[in-house]
Amino acid sequence: MPNAVTGATVLSVVIPMYNEEEVLPALVSRVRPVLAGLGTPYEVVAVDDGSTDRTAELLAAFRLGWPELRIIGLRRNSGHQAALTAGLDRAVGAYVVSIDADLQDPPEKIPEMLALARGEGLDIVYGIRADRASDTGFKRWTAGLYYRLVRRLAGPAVPSQAGDFRLLSRAAVDALKALPDQQRVYRLLVPWLGFPSGQVTYERAPRPAGQSKYPLGRMIRLAVDSVTGFSAAPLRIATWLGGFAFLVCLGLMAYTLSAHFLDHTVPGWTSLFTGVLFIGAVQLICVGLLGEYVGRIYTAVQNRPTYFVGHDTATHDTAAREAATQDTKGAETPVPHQRSGSRT
């Protein structure tokens, strides 16, 4: 389907989801009346990221009574950021809002975000979590550590406590689509654009149903992608570690020589053993950091798509309308009547 603004669709709401059958009824019951109250044409782009439960079945059932619901099914589980990319690539609205399906970010804030963007001519409106009391203490601590880290590496333009709940103008979406990044972290890419932006604050609510799709392993992976994708600081850290290890080696060398001249070579075994372990650990850390960057280069050189679309209901609807139009034209076209020649 051509990705162009049709002029009729003002707002697109992109919702990546993976195994969200338990929260889907609550999601629809809250999102639909909010968007209907806007009084503007909209679409809801639900990106099914290869769910293995009844998510796809429930989405199809909801779509029967909700024509604005558009379903994009990915062929396999590609990850949250890849599913978000698929939704942004195919959304056609003049403004695009991305929101998670877990309802921890309130969809009732969407009209406020749209009004702020229109009223002040903003290209980006961030949803800022002013209160995270619903999260566990460990979750709040790791989130705070993550935002302090990325703000230090990527700059203060990255808003603190801003997740993937945001509004983007068509200009911002097109700019994101033009970027060559494959392993995308939109929490850093969007601020990097430098477009005029605003903020809307809200209280983060607990998930009403289902389980979190961001366990500790995925959070660590997100942090690694954020750091290695936006800064070469880890490589510089490896350089500093190497320099520190070199100074330690000089100290151990001086100690070894003094022990040799004083005939205390046997007691020096502990320091030697400790030095070998330290140098080995530093080398492994440096090799690991270098391997992380080499891996990203390898992925970029391969240039493989980050997702594969299995079906898009908008494409099916377009094909059905074109077929119906052709049938109507064929029925309305008069068939020329041929007269039989008369003999004289």
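1. Overview of the overall build of the protein chain
Counting its regular elements, the protein chain contains 11 helices and eight strands. For the protein chain, the proportion of its 344 residues judged to be buried stands at 40%. If you take every contact in the protein chain between residues at least 6 apart in sequence, the share linking residues at least 24 apart comes to 82%. Summing over all exposed atoms, the protein chain offers an accessible surface of approximately 18800 Å²; the carbon and sulfur share of this is 62%.

2. Overview of the packing of aromatic side chains
Summed over all chains, the structure comprises one aromatic pair. On the numbers, 5.7 Å between centres and 75° between planes, the contact of Phe 165 with Tyr 202 is edge-to-face. On the criterion of sequence distance, the pair formed by Phe 165 in strand β6 (residues 162-169) and Tyr 202 in strand β7 (residues 197-203) is long-range, its members being 37 residues apart. When sorted by exposure, Phe 165 lands in the same class as Tyr 202, which is buried.

3. A look at unusual backbone geometry
Although it is not a glycine, Asn 19 sits at a positive phi angle of roughly 55°. Following the sequence through the fold, Asn 19 ends up in the loop between β1 (11-17) and α1 (24-36). Among the residues examined, Asn 19 registers a relative accessible area of 22% and is labelled partly exposed.

4. What about the pairing of strand β4 (residues 95-98)?
In β4, alternate side chains face the same way, and those of Tyr 95 and Val 97 on one face and Val 96 and Ser 98 on the other are all buried. In this structure, β1 lies alongside β4, joined through four bridges in parallel fashion. Looking at β4, one finds that Ser 12 is bridged to Val 96. Relative to β6, β4 runs antiparallel, the two being bridged by four bridges. If you follow Ser 98 over to β6, its bridge partner there is Arg 166.

5. Overview of helix α4 (residues 110-120)
For α4, every residue scored as buried is listed here: Ile 110, Met 113, Leu 114, Leu 116 and Ala 117. Projected down its long axis, α4 carries its buried residues within an arc of 160°, all on one side. For α4, the exposed residues set more than 90 degrees away from the buried face come down to Gly 119 and Glu 120. Count one or two residues on from α4 and you reach Gly 121, which has phi positive near 65°.

6. Side note on the side chain of Thr 85
Counting through the fold element by element, Thr 85 comes out in helix α3 (residues 80-90). Those residues in contact with Thr 85 that lie beyond four places of it in its chain are Arg 184, Tyr 186 and Tyr 307.

7. Observations regarding the packing of helix α6 (residues 170-178) against helix α7 (residues 186-193)
Helix-helix packing is described using two parameters, namely the angle between the two axes and the distance between the axes. Where α6 meets α7, the closest approach of the two axes is 10 Å, and the angle between their N-to-C directions is 115°. The chirality of how α6 crosses α7 is right-handed. When α6 is examined against α7, the residues Ala 172, Ala 175 and Leu 176 are found in contact with a partner set consisting of Tyr 186, Leu 189, Val 190 and Leu 193. For the contact of α6 with α7, a count of residues per class yields seven nonpolar, no polar and no charged.

8. Things to note about the environment of Arg 32
Its place among the elements puts Arg 32 in helix α1. The partly exposed category is assigned to Arg 32, whose relative accessible area is 32%. At 2.8 Å, the side chain of Arg 32 forms a polar contact with the backbone oxygen of Gly 65.

9. Focus on α3
Within α3, nine of the 11 residues are buried, which leaves the element mostly enclosed by the surrounding structure. Considered for burial, the residues of α3 that qualify are His 80, Gln 81, Ala 82, Ala 83, Leu 84, Thr 85, Ala 86, Gly 87 and Leu 88.

10. A word on the pattern of salt bridges
Side-chain pairs of opposite charge can arise whenever the charged atoms involved come near each other. On inspection of all chains with the given rule, the structure shows 11 salt bridges. For Asp 312, the salt bridge is made with Arg 90, and the minimal N-O distance between the two is 2.9 Å. You can see Asp 312 sitting in strand β8 (residues 309-312) and its partner Arg 90 sitting in helix α3, a full 222 residues away along the chain. Take Asp 312: its relative accessible area is 3%, and that puts it in the buried class. Between Arg 204 and Asp 105 there is a salt bridge, and its shortest N-O distance comes to 3.2 Å. Placement of Arg 204 in the loop between β7 and α8 (216-230) and of Asp 105 in the loop between β4 and α4 is noted, with a sequence separation of 99 residues between them. Grouping residues by exposure puts Arg 204 and Asp 105 together as buried. The structure contains a network of salt bridges with shared partners spanning Glu 43, Arg 70, Arg 90 and Asp 312.

Conventions used here
Residues numbered from 1 in each chain as written. Predicted model: local features only at pLDDT ≥ 70, side-chain atom pairs only at ≥ 80, totals over all residues. Heavy atoms only, no water. Helix = DSSP H or I, 4+ residues; strand = E, 2+ residues; numbered from the N terminus. Buried < 20%, exposed > 50% of the residue type's maximum accessible area, 1.4 Å probe, protein only. Contact = heavy atoms within 4.5 Å. Areas by Shrake-Rupley, 256 points an atom, 1.4 Å probe, with all protein chains shown as cover. Phe/Tyr/Trp six-rings, centres within 6.5 Å; stacked < 30°, edge-to-face > 60°. Pairing = 2+ DSSP bridges. Arc of directions from axis to C-beta. Axes fitted to C-alpha atoms, helices over the stretch in contact; angles between N-to-C directions. Left-handed = near helix turned anticlockwise from the far one by under 90°. Nonpolar A, V, L, I, M, F, W, Y, C, P; charged D, E, K, R; others polar. Polar contact = N/O pair within 3.5 Å; in protein donor to acceptor, adjacent residues only side chain to side chain. Salt bridge = Lys/Arg side-chain N within 4 Å of Asp/Glu carboxyl O.

Fair warning: the whole summary comes from geometry, so function is off the table for now.
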